[in-house]
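Notes for the structure review
The primary structure of each chain is shown beneath.
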Amino acid sequence: MIETSVSRHHQNFFQVIQSYYQLTKPRIIPLLLITTAASMWIASNGKVDPVLLVATLSGGTFAAGAAQTINCIYDRDIDYDMERTRHRPLPSGRVQSRDALIFALALATISFTLLTVFANLLSALLAMSGIVFYVGIYTHLLKRHTTQNIVIGGAAGAIPALVGWAACTGSLSLPAWVLFAIVFLWTPPHFWALALMIRDDYAKVGVPMLPVVAGNTATTRQIWLYTLILIPTTLLLVYPLNVSGLFYAIVALVLGSIFIKKAWALLHDSSNQQQARSLFLYSILYMMLLSAGMMIDSLPITQQVTTALMALVAQ
Ligand code: HEM
Ligand SMILES: CC(C)=CCC/C(C)=C/CC/C(C)=C/COP(=O)(O)OP(=O)(O)O
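Residue numbering note: each chain is counted from 1, following its sequence as written. Here every chain gets a letter starting at A, and every ligand a number starting at 1, in the order they are written. Reporting of local features is limited, given that this is a predicted model, to residues whose pLDDT is at least 70; pairs of side-chain atoms are given and counted only at 80 or more, and all residues count toward the totals for whole chains, interfaces and linings. Hydrogens and water molecules were not included; the side-chain quantities draw on all heavy atoms of the structure.

You'll find the protein entered in an unreviewed UniProt entry as Protoheme IX farnesyltransferase, with Gloeocapsopsis dulcis AAB1 = 1H9 given as the organism. UniProt positions are given in the numbering used here, feature names are shortened, and annotations may be inferred rather than shown by experiment. The heading Catalytic activity (unreviewed entry) in the UniProt record of the protein holds the text "heme b + (2E,6E)-farnesyl diphosphate + H2O = Fe(II)-heme o + diphosphate". The Sequence similarities (unreviewed entry) comment attached to the protein in UniProt states, word for word, "Belongs to the UbiA prenyltransferase family. Protoheme IX farnesyltransferase subfamily."

So, in structure tokens, the structure goes:
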């Protein structure tokens, strides 16, 4: 606490900027943007308007920053008690809650304006609903009360894919909902793999994360189930939806096989921290590469090459 009062009064300009930046939990945002971008590429058949792209990704960044900042305000009590989070700007006293709230409202306003002006109202409303869902449903209603917190709450993290689709088309068609489902089903393996490693931290503050309440075996079983549903879901874009082609199909199958292999290994050695860590890190790489696969697949050049290749094989 001594550190708290000292640090609040002795921050230079750069440190203040840095504190506000940290409130947005910036390390997670790039992956949210990659899923948004992948959605935009598929929605516009590989030909995304650059202005719309920059505006939508900026709007998404500001919305995610606002959501994370409000989450930081709400969770400042437990963040102070957990090793991993106690150096965040609020629990360490570098930023006050009131200032953080003003910052979050400013970010949300900028996001809403950017998306409404450069994209459309639907994408702006979706981004705002992402903030409301993450804060109201996940952080407030679920996080401290149920082991299913991140399953339902994970829907917030899947909203950026909808924002991207809406920004390009002004509507939400079936492929958009499949993209939503991909991120939604990916979230439990992503988070529970991590939760297996930092179980004790959550136990200490009474957050009922699945490994804390149900144990490692039950958690790895759930991870396995979600992985098994996730991989076929990624292929729905190829069949029956036909919005992605051969290149993406191969990428999704290869990446999916590795995911299944790692989840299987963890299932049979559920207390192995190394295995859990490996799956967690892979989950991030997986989502990056899968999204990159979607984008490359949607490019006109890729479509031409695969069509030519298939014609050759068919001869
Ligand atoms: C309710 C859903 C989710 C929960 C509870 C969750 C939780 C976490 C936690 C606790 C970390 C560790 C961060 C740290 O060390 O401070 C993490 C890391 C990460 N998460 Fe998630 N996550 C969720 C969904 C997502 C989604 C939807 C994405 C993006 C599509 C995402 C992307 C990432 C990335 C990129 C990292 C690594 C950040 C780093 O380099 O430290 N997460 N997640
Ligand atoms: C369109 C839009 C604005 C979407 C917002 C989506 C969003 C911010 C998703 C973030 C998901 C996430 C990383 C949760 C961290 O959980 P936690 O708060 O339990 O993590 P912690 O234990 O590190 O605090």
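From this point, things continue past the structure.
Okay, the environment of Met288 next. Mapping Met288 onto the fold places it in helix 13 (residues 273-298). Sequence spacing of Met288 and Phe112 is 176 residues, and the spatial spacing of their C-alpha atoms is 26 Å. Note on contacts: a residue pair qualifies if any of its non-hydrogen atoms lie within 4.5 Å across the two residues. Those residues within four positions of Met288 in sequence are excluded, and the remaining contacts are Leu31 and Ile34. Numbering of helices and strands runs from the N terminus; a helix is a DSSP stretch of H or I covering at least four residues, while a strand is a stretch of E covering at least two.

The subject of this paragraph is the nonpolar core. Throughout, nonpolar core names a set of buried Ala, Val, Leu, Ile, Met, Phe, Trp, Tyr and Cys residues whose side chains join them through atoms within 4.5 Å. Burial classes: relative accessible area under 20% of the type maximum marks a residue as buried, over 50% as exposed, and values in between as partly exposed (1.4 Å probe, protein chains only). Grouped together as the largest cluster of nonpolar side chains are 80 residues, with contacts concentrated most on Ile182, Trp192, Tyr286 and Met294. For this core, the element with the highest residue contribution is helix 9 (residues 174-197), accounting for 14 residues. Residues in contact with Trp192, not counting those within four places in the same chain, are Thr147, Ile150, Val151, Leu210, Pro211, Thr219, Gln222, Ile223 and Tyr226. With six residues, the next largest nonpolar core counts Cys72, Leu90, Val95 and Ala100 among its residues.

A few words on the site of ligand 2. Around ligand 2 sit 19 residues, and of these Lys25, Arg84, Arg88, Tyr138 and Lys143 come closest. Throughout this description, a polar contact denotes any pair of N or O atoms lying within 3.5 Å of each other; where both atoms belong to protein, one of them has to be capable of donating a hydrogen while the other can accept it, and for residues adjacent in sequence the pair is counted only when both atoms sit in side chains. Within the side chain of Asn71, an N or O atom sits 3.1 Å from an oxygen atom of ligand 2. In short, Shrake-Rupley with a 1.4 Å probe defines the accessible areas, and a residue's cover is counted only from the protein chains shown. A total of 630 Å² of accessible area belongs to ligand 2 in isolation, and the protein chains cover 88% of it. Of all the secondary-structure elements, those providing two or more residues to the shell around ligand 2 are helix 4 (50-74), helix 7 (121-142) and helix 8 (149-169). Examining the composition of the shell around ligand 2, we find that five residues originate from one element, helix 4, more than from any other. Here the term charged refers only to Asp, Glu, Lys and Arg, the term nonpolar to Ala, Val, Leu, Ile, Met, Phe, Trp, Tyr, Cys and Pro, and the term polar to all other amino acids, Gly among them. Per-class residue counts for the shell around ligand 2 are twelve nonpolar, three polar and four charged. Each residue is tested against the molecule or strand, and it is near if at least one of its non-hydrogen atoms lies within 4 Å.

Patches were defined on residues exceeding 30% relative accessible area and lacking a salt bridge, with like-charge contacts within 9 Å and nonpolar side-chain contacts (Val, Leu, Ile, Met, Phe, Trp, Tyr) within 5 Å. In the sections that follow, a salt bridge refers to a side-chain nitrogen of Lys or Arg positioned within 4 Å of a carboxyl oxygen of Asp or Glu. A surface patch of nonpolar side chains, amounting to about 930 Å² of accessible area, comprises Leu246, Ile250, Val254, Ile258, Ile301, Val305, Leu309, Met310, Leu312 and Val313. Among the secondary structure elements, those contributing two or more residues to the nonpolar patch are helix 12 (246-267) and helix 14 (300-314). It is helix 14 that provides the largest number of residues to the nonpolar patch, a total of six residues. In this structure, Val305 sits in helix 14. By relative accessible area, Val305 is classed as partly exposed at 44%.

Right, let's talk about the site of ligand 1 for a bit. Arg27, Arg84, His190, Phe191 and Leu194 are the nearest of the 18 residues found near ligand 1. Between ligand 1 and His190 there is a distance of 3.0 Å, counted from a nitrogen atom to a side-chain nitrogen or oxygen. Residues that form the shell around ligand 1 fall into these classes: eleven nonpolar, four polar and three charged.

So, about unusual backbone geometry. Omega for the peptide link from Tyr239 to Pro240 comes to 5 degrees, which places this bond in the cis form. Inspection of the secondary structure puts Pro240 in the loop between helix 11 (210-235) and helix 12. We note that Asn45 has phi near 50 degrees; this positive angle belongs to a residue other than glycine. In this structure, Asn45 sits in the loop between helix 3 (29-43) and helix 4. For Asn45, a relative accessible area of 53% translates into the label exposed. The phi angle at Asn242 is positive, at roughly 60 degrees, despite the residue not being glycine.

Moving on, we come to the packing of aromatic side chains. Put simply, two rings from Phe, Tyr or Trp (the six-membered ring, in Trp's case) pair if the centres are within 6.5 Å, and we call them stacked under 30 degrees between planes, edge-to-face over 60, tilted for the rest. Scanning the entire structure with this criterion turns up ten aromatic pairs. Plain terms: the ring middles of Trp192 and Tyr226 are 5.9 Å apart, the flat faces sit at 65 degrees to each other, and that makes the pair edge-to-face. Linking Trp192 in helix 9 with Tyr226 in helix 11, this pair joins segments that are 34 residues apart in sequence. Residue class for Trp192 comes out buried when judged on its relative accessible area of 0%. According to the relative accessible area criterion, Tyr226 is buried, its value standing at 14%.

The next subject is the packing of helix 4 against helix 7. Fitting a line to C-alpha atoms yields each axis, with helices limited to the stretch in contact; the angle taken between N-to-C directions then spans 0 to 180 degrees. Where helix 4 meets helix 7, the closest approach of the two axes is 9 Å, and the angle between their N-to-C directions is 20 degrees. For the element pair helix 4 / helix 7, the angle class is roughly parallel. In this structure, helix 4 meets helix 7 at a crossing whose hand is right-handed. Judged by residue contacts, Ala63, Ala66, Ala67, Gln68, Ile70, Asn71 and Tyr74 of helix 4 engage Ala127, Ile131, Tyr134, Val135, Tyr138, Thr139 and His140 from helix 7. Here the contact of helix 4 with helix 7 is built from residues that sort into ten nonpolar, four polar and no charged. Between 65 and 115 degrees an angle is taken as roughly perpendicular, under 35 as roughly parallel, over 145 as roughly antiparallel, and anywhere else as oblique. Should the near helix be turned anticlockwise from the far one by less than a right angle, the crossing is left-handed, and should it be turned clockwise, the crossing is right-handed.

Now for the coordination of the iron atom of ligand 1. Just one protein atom donates to the iron atom of ligand 1; it is His190 (NE2), sitting 2.2 Å from the metal. One can find His190 in helix 9. Any N, O or S atom lying within 2.8 Å of the metal counts as a donor, and for Na, K and Ca the limit rises to 3.2 Å; water is left out, so some sites can look incomplete.

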